[in-house]
Amino acid sequence: MKRWLSNAEVSLGNHSDRLNAINIFPVADGDTGTNLYLTLCAATEAAAEADTADIGELLGLAGRAAMESARGNSGTLFSVFLTSMAEPLAGAVRLSAPLLGAALQRAQLRSWSVLSDPVPGTMLSVLEAAAHAASDSEAAITGDDSNAGLALTLRAMMDAALAAVVDTENQLDALTEARVVDAGGVGFLLILDALRAAALGEELQEELLDGLHGYDVQAPHIHAHMPRMEGVEVMCTINLSPLDAATLRLQLDEMGDSVIMSAVSPVEDGYRWRVHVHTPDAGATIDLLRQLGEPMNLSITELSADGHETRELPVITPNPDFPVFPGAGETSKAHGL
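The shown structure was predicted, so the numbers you read here are calculated from the model rather than taken from an experiment.

Visitor: Which residues make up the overall build of the chain, and what are the values?
Guide: Summing up its helical and strand segments, the chain has twelve helices and four strands in all. For the chain, with 337 residues in total, the buried portion stands at 57%. In the chain, once contacts between residues fewer than 6 apart in sequence are set aside, the share between residues at least 24 apart is 71%. By element, 51% of the accessible surface of the chain is carried by carbon and sulfur atoms, the whole surface being about 13700 Å².

Structure follows, in structure tokens:
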């Protein structure tokens, strides 16, 4: 599992610029590759420092660290993927086909649920296809926990995920018009391939992305020609009671879009939540958050293809229970790597 995250970090680092280039949904701000990469860095560092043989515990630690410093829609969803995947793996010291199927199913159900308005044709669709392929594999159904069964399941997972990435172009009008596949979907495909390679002791598939529309080094940065988006992306972590969390989600849905709320860990009288929203009014959003709690690791980022600068933050309050990894609560002007 440590090798998986490390390999995925390297793979996304190598592909981040191209992922940024085709990032046009939900906002053409050209940062999906960077967001996924920086979020993975936090997960990888936490996993590397963990001293446990329990793969569920390991991924839980990695996922929570990633969520504390998650970047953008894609980074937040990846963090949710890791933390929810960890749950069925708790107590396991070895990955098997049945466990993989259960973990991916839990992850895809949780990932769809954290979004107020989930949309097909994104990394959600890729995760769903991968989860169904893994849980429907013969090895998962029969309880075959052999290495051979795991290998067949991982390859079925990759075939389904690749087909889902190709299909994203047909599921979203913006992607169809631009003739590109979804950037988050491609990034997640690379993460899954790193899992396959690590589990089977194989190399990453260099030819995996050959032929994907928009994924050509000669292709332009598609996002640079898209209309400028007004508004900002607000992200933070905040401790909330169940009632306050439900209230916040409803009010954020009214104020903006791309709302993601995911529980990070239990706290007194509720949970620590990771919150993400695109909104035209940062001030009103911050006021709302402060009415319900104290936002921590707060970032406010311009939603524009040519801007992508982070404004001065009203508050940054690190969580003493988690180390601050690179990218957590920092300002950034980076487009890519």
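Past the structure itself, the notes keep going.
Visitor: Any chance you could break down the sheet that holds strand E3 (residues 270-279) for me, citing the residues and the numbers?
Guide: Across the sheet, four strands lie side by side as E2-E3-E1-E4; this open sheet has antiparallel pairing. If you trace the sheet from one side to the other, it starts and ends with strand E2 (257-267) and strand E4 (296-302), each paired once. With strand direction ignored, the average angle separating the axes of adjacent strands in the sheet is 15 degrees. Sitting on the sheet, helix H3 (residues 55-68) touches strand E1 (232-240), E2, E3 and E4, and the angle it makes with E2 is about 130 degrees. Contacts from helix H12 (residues 282-292) reach E1, E3 and E4 within the one sheet, and its direction differs from that of E1 by about 5 degrees.

Visitor: So what about unusual backbone geometry? Which residues, and what values?
Guide: Phi is positive for serine 258, which is not a glycine, with a value near 50 degrees. Residue position: serine 258 is located in strand E2. The class for serine 258 is buried, based on a relative accessible area of 17%. One non-glycine residue, asparagine 297, lies in the positive phi region at around 50 degrees. Checked against the element boundaries, asparagine 297 lands in strand E4.

Visitor: So what about the side chain of asparagine 73? Which residues, and what values?
Guide: Within the secondary structure, asparagine 73 is located in helix H4 (residues 72-86). A polar atom in the side chain of asparagine 73 sits 3.0 Å from the side chain of histidine 276. There is a polar contact of 3.3 Å between the side chain of asparagine 73 and the side chain of histidine 278.

Visitor: If you had to explain the layout of surface pockets to someone new, which residues and values would you point to?
Guide: The computed volume of the largest pocket comes to approximately 470 Å³. Taken together, 28 residues line the largest pocket, and the ones lying closest to its centre are Phe25, Pro26, Asn73, Leu115 and Ser258. A total of four residues in the lining of the largest pocket trace back to one element, the largest contributor, which is H4. Counted by class, the lining of the largest pocket contains ten nonpolar, eleven polar and seven charged residues. Empty space within the second largest pocket amounts to approximately 310 Å³. Surrounding the second largest pocket, 22 residues form its lining, Thr83, Ser84, Glu87, Arg110 and Ala263 being those nearest its centre. Among the elements of the structure, H3, H4, helix H5 (97-114) and E2 are those that each provide at least two residues to the lining of the second largest pocket. With six residues, E2 is the largest single contributor of residues to the lining of the second largest pocket. Per-class residue counts for the lining of the second largest pocket are nine nonpolar, seven polar and six charged.

Visitor: Please give an account of the pattern of salt bridges that cites residues and values.
Guide: A full pass over the atoms with the stated rule returns six salt bridges. A salt bridge links glutamate 68 to arginine 272, with the nearest nitrogen and oxygen atoms 2.6 Å apart. Linking glutamate 68 in helix H3 with arginine 272 in strand E3, this pair joins segments that are 204 residues apart in sequence. Given the relative accessible area of 4%, glutamate 68 is considered buried. Residue class for arginine 272 comes out buried when judged on its relative accessible area of 2%. Glutamate 202 serves as the salt-bridge partner of arginine 155, at 2.6 Å between the closest nitrogen and oxygen. You can see arginine 155 sitting in helix H8 (residues 147-171) and its partner glutamate 202 sitting in the loop between helix H10 (183-200) and E1, a full 47 residues away along the chain.

Visitor: Give me the lowdown on the pairing of E3, citing residues and values where you can.
Guide: Judged by how many residues are buried, E3 sits mostly within the fold: nine of ten residues are covered. Direction of pairing for E1 relative to E3: antiparallel, over a ladder of nine bridges. Looking across to E3, one finds that glutamate 233 is bridged to histidine 278. Where E2 and E3 come together, eight bridges link them in antiparallel fashion. Looking across to E3, one finds that alanine 263 is bridged to tryptophan 273. Connecting E2 to the antiparallel partner E3 that follows it, the hairpin turn spans two residues, and aspartate 269 within it adopts a positive phi of roughly 65 degrees.

Visitor: Describe the packing of aromatic side chains, and please don't skip the residues or the numbers.
Guide: By convention here, two paired aromatic rings are described through the distance between centres and the angle between planes. Within the structure shown, the criterion is met by four aromatic pairs. When the ring of phenylalanine 78 is compared with that of phenylalanine 81, the centres are 6.1 Å apart and the planes differ by 35 degrees; the resulting orientation is tilted. Of the two residues, phenylalanine 78 and phenylalanine 81 both sit in helix H4, three residues apart, roughly one turn of that helix. On the basis of relative accessibility, which here comes to 1%, the residue phenylalanine 81 falls in the buried class. On the basis of an interplanar angle of 70 degrees and a centroid distance of 6.4 Å, the ring pair of tyrosine 271 and tryptophan 273 is categorised as edge-to-face. Since its relative accessible area comes to 38%, tyrosine 271 is described here as partly exposed. Judged by its relative accessible area of 16%, tryptophan 273 falls in the buried class. Grouping aromatic residues by their ring pairs yields a cluster made of Trp4, Phe78, Phe81 and Phe188.

So, how was this worked out
Residues numbered from 1 in each chain as written. Predicted model: local features only at pLDDT ≥ 70, side-chain atom pairs only at ≥ 80, totals over all residues. Heavy atoms only, no water. Helix = DSSP H or I, 4+ residues; strand = E, 2+ residues; numbered from the N terminus. Buried < 20%, exposed > 50% of the residue type's maximum accessible area, 1.4 Å probe, protein only. Contact = heavy atoms within 4.5 Å. Areas by Shrake-Rupley, 256 points an atom, 1.4 Å probe, with all protein chains shown as cover. Pairing = 2+ DSSP bridges. Axes fitted to C-alpha atoms, helices over the stretch in contact; angles between N-to-C directions. Polar contact = N/O pair within 3.5 Å; in protein donor to acceptor, adjacent residues only side chain to side chain. 1 Å grid on protein atoms, 1.4 Å probe; cavity = no way out; pocket = protein on both sides within 12 Å on 5 of 7 lines; lining within 4 Å. Points joined across faces, edges and corners; volume = space filled by probe spheres on them. Nonpolar A, V, L, I, M, F, W, Y, C, P; charged D, E, K, R; others polar. Salt bridge = Lys/Arg side-chain N within 4 Å of Asp/Glu carboxyl O. Phe/Tyr/Trp six-rings, centres within 6.5 Å; stacked < 30°, edge-to-face > 60°.

No statement about biological role is implied by the geometric values presented.
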